[in-house]
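# Fold and geometry: a report
If you want the building blocks of each chain, they are given just below.
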Amino acid sequence: MAMSEATKQVEIRQFPCLDDNFGVLVHVPATGGTIAFDVPDAEPYLAELERAGWTLTDILITHHHWDHVQGLGALKAATGARVTGPALSRDKIAEMDAVVADGDTITAGGLAFQALGTPGHTLDQISWWAPEAHFAHTGDTLFALGCGRVFEGDMAMMWASMDKLARLLPGDTRIYCGHEYTLANARFAVTVDPDNAALAKRAKTVEGLRERNQPTLPTTMEDELATSPFLRAGDPGIRKTLGMMDASDAEVFAEIRRRKDSF
Ligand code: ZN
Ligand code: FE
């Protein structure tokens, strides 16, 4: 097997934190490393580490919002893990040992990660991509069937970030994110893309999962490209529904995001 193309085996655990945040841990058996993504609350992370028998080595942060860093101090103090996050939030997140900007590559837990700048929701937002593990954590940028609200950036910036993820992440990438918002996203998505059979089918699946209190994440880029209106601004069916046949992709995305804001 060509080592450069080798897939790094990882074990992934996802669990609920706070009301609708996710906790995510990635363990790399080959190195013994374990990486946490954001820390909404330290307690569920410590409990999951204990259950799995994993020792936390790294914490990667996506952005500065309180529901992503609230438990960071406590988790770092309890584990001694190394914290890496966005350089743009150097002054906001006191616990960081190292910072990254768009395009940087780092090693965490023995796994190579690319830091993809994906601003819009916040300006500092980093999506973490481990190509060898077919894994990405997109924070509050890309959600299943959705995207984060545009707070600090603008609509064109958020569209560029979504489009960047669509272009960079291979279809089989397992995508984790900050929140379980998929049911509300699915109910909205069918209003702007009513004739999409793959979306209708997925919306049913999502309803069923949430009825049983099961998570709808991870997703894959392949599924998102087929069903998320927030990635499908170029789709003729969506454009027809919105009456925006001649608009730019960024304009169509902005209209979809605005409609979701008041849905
Ligand atoms: Zn956020
Ligand atoms: Fe959040």
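These numbers were taken from a predicted model, which means no experiment stands behind them.

### Side note on the nonpolar core
Ranked by size, the top nonpolar core spans 27 residues in total, and within it Leu169, Val252 and Phe253 carry the most contacts. For this core, the elements supplying multiple residues, two or more each, are helix H4 (155-168), helix H5 (182-192), helix H8 (236-242) and helix H9 (249-261). Shared between two domains, this core holds at least three residues of each, these being domain 1 (3-176) and domain 2 (182-261). With near-sequence residues (within four places) excluded, Phe253 lies in contact with Cys147, Met155, Met158, Trp159, Met162, Phe230 and Ala233. Of all hydrophobic cores here, the second largest spans 24 residues; its members include Phe37, Leu60, Phe135 and Cys177.

### Some words on helix H6 (residues 197-211)
The first and last C-alpha atoms of H6 sit 21 Å apart over 15 residues, in line with the 21 Å expected at 1.5 Å per residue. Every buried residue of H6 is accounted for by Leu199, Arg202, Ala203, Val206 and Gly208. Looking at the buried positions of H6, the neighbouring elements they touch are H5, strand E14 (219-220) and helix H7 (221-227). Of the residues trailing H6, Asn213 is marked for its positive phi of about 60°.

### What to know about the domain arrangement of the protein chain
Splitting the protein chain by domain gives domain 1 (3-176) and domain 2 (182-261). Put simply, the middle of domain 1 and the middle of domain 2, counted by C-alpha atoms, are 24 Å apart. Taken together, the contacts link 24 residues of domain 1 with 27 residues of domain 2. Summed over both sides, the interface between domain 1 and domain 2 buries roughly 2300 Å², with carbon and sulfur atoms accounting for 72% of that surface. Counting the surface domain 1 buries against domain 2, the share from its top three residues, Leu145, Met155 and Trp159, is 36%. Taken together, domain 1 and domain 2 are joined by one salt bridge. Applying the counting rule to domain 1 against domain 2 returns eight residue pairs in polar contact (both at pLDDT 80 or more).

### A closer look at the coordination of the zinc ion (ligand 1)
Bound to the zinc ion (ligand 1) are the protein donor atoms His63 (NE2), His65 (ND1), His121 (NE2) and Asp140 (OD), situated 2.2 to 2.3 Å from the metal. Mapped onto the polypeptide sequence, the residues donating to the zinc ion (ligand 1) form the spacing pattern H-x1-H-x55-H-x18-D. Between the zinc ion (ligand 1) and the iron ion (ligand 2), a spacing of 3.1 Å is present, and a bridge between the two is formed by Asp140. Of the two residues, His63 sits in the loop between strand E4 (58-60) and helix H2 (66-69) while Asp140 sits in the loop between strand E10 (135-137) and strand E11 (142-143), which places them 77 residues apart along the sequence. The exposure class assigned to His63 is buried, which follows from its relative accessible area of 0%.

### Focus on H9
With 13 residues, H9 should reach 18 Å at 1.5 Å per residue; the first-to-last C-alpha distance of 18 Å fits that figure. Every buried residue of H9 is listed here: Val252, Phe253, Ala254, Ile256, Arg257 and Lys260. Where the residues of H9 are buried, they touch strand E12 (146-147), H4, H5 and H8.

### Quick look at the packing of H4 against H9
Angle between the axes and distance between the axes are the two parameters that describe a pair of packed helices. Packing of H4 against H9 brings their axes to within 9 Å, and their N-to-C directions diverge by 105°. Between H4 and H9, the angle falls in the class roughly perpendicular. Across the interface between the two elements, Met155, Met158, Trp159 and Met162 from H4 touch Asp249, Ala250, Phe253, Ala254, Arg257 and Arg258 from H9. Across the contact of H4 with H9, the residue classes tally to seven nonpolar, no polar and three charged.

### Considerations on the coordination of the iron ion (ligand 2)
Protein-derived ligands of the iron ion (ligand 2) are Asp67 (OD), His68 (NE2), Asp140 (OD) and His179 (NE2), with the metal-ligand distances lying across 2.1 to 2.4 Å. The site at the iron ion (ligand 2) holds four donor atoms, and with the angles between them running 82 to 172°, its shape is irregular. All donors to the iron ion (ligand 2) come from one chain, and their sequence spacing reads D-H-x71-D-x38-H.

Rules of the game
Residues numbered from 1 in each chain as written. Chains lettered and ligands numbered in written order. Predicted model: local features only at pLDDT ≥ 70, side-chain atom pairs only at ≥ 80, totals over all residues. Heavy atoms only, no water. Core = buried A, V, L, I, M, F, W, Y, C linked by side-chain atoms within 4.5 Å. Buried < 20%, exposed > 50% of the residue type's maximum accessible area, 1.4 Å probe, protein only. Helix = DSSP H or I, 4+ residues; strand = E, 2+ residues; numbered from the N terminus. Domains from an automatic or database assignment. Contact = heavy atoms within 4.5 Å. Expected span 1.5 Å × (residues − 1). Buried area = accessible area lost by both parts, 1.4 Å probe. Salt bridge = Lys/Arg side-chain N within 4 Å of Asp/Glu carboxyl O. Polar contact = N/O pair within 3.5 Å; in protein donor to acceptor, adjacent residues only side chain to side chain. Donors = N, O, S within 2.8 Å, 3.2 Å for Na, K, Ca; no water. Axes fitted to C-alpha atoms, helices over the stretch in contact; angles between N-to-C directions. Parallel < 35°, antiparallel > 145°, perpendicular 65-115°, else oblique. Nonpolar A, V, L, I, M, F, W, Y, C, P; charged D, E, K, R; others polar. Tetrahedral: all angles 85-135°; square planar, octahedral: opposite > 155°, others 65-115°.

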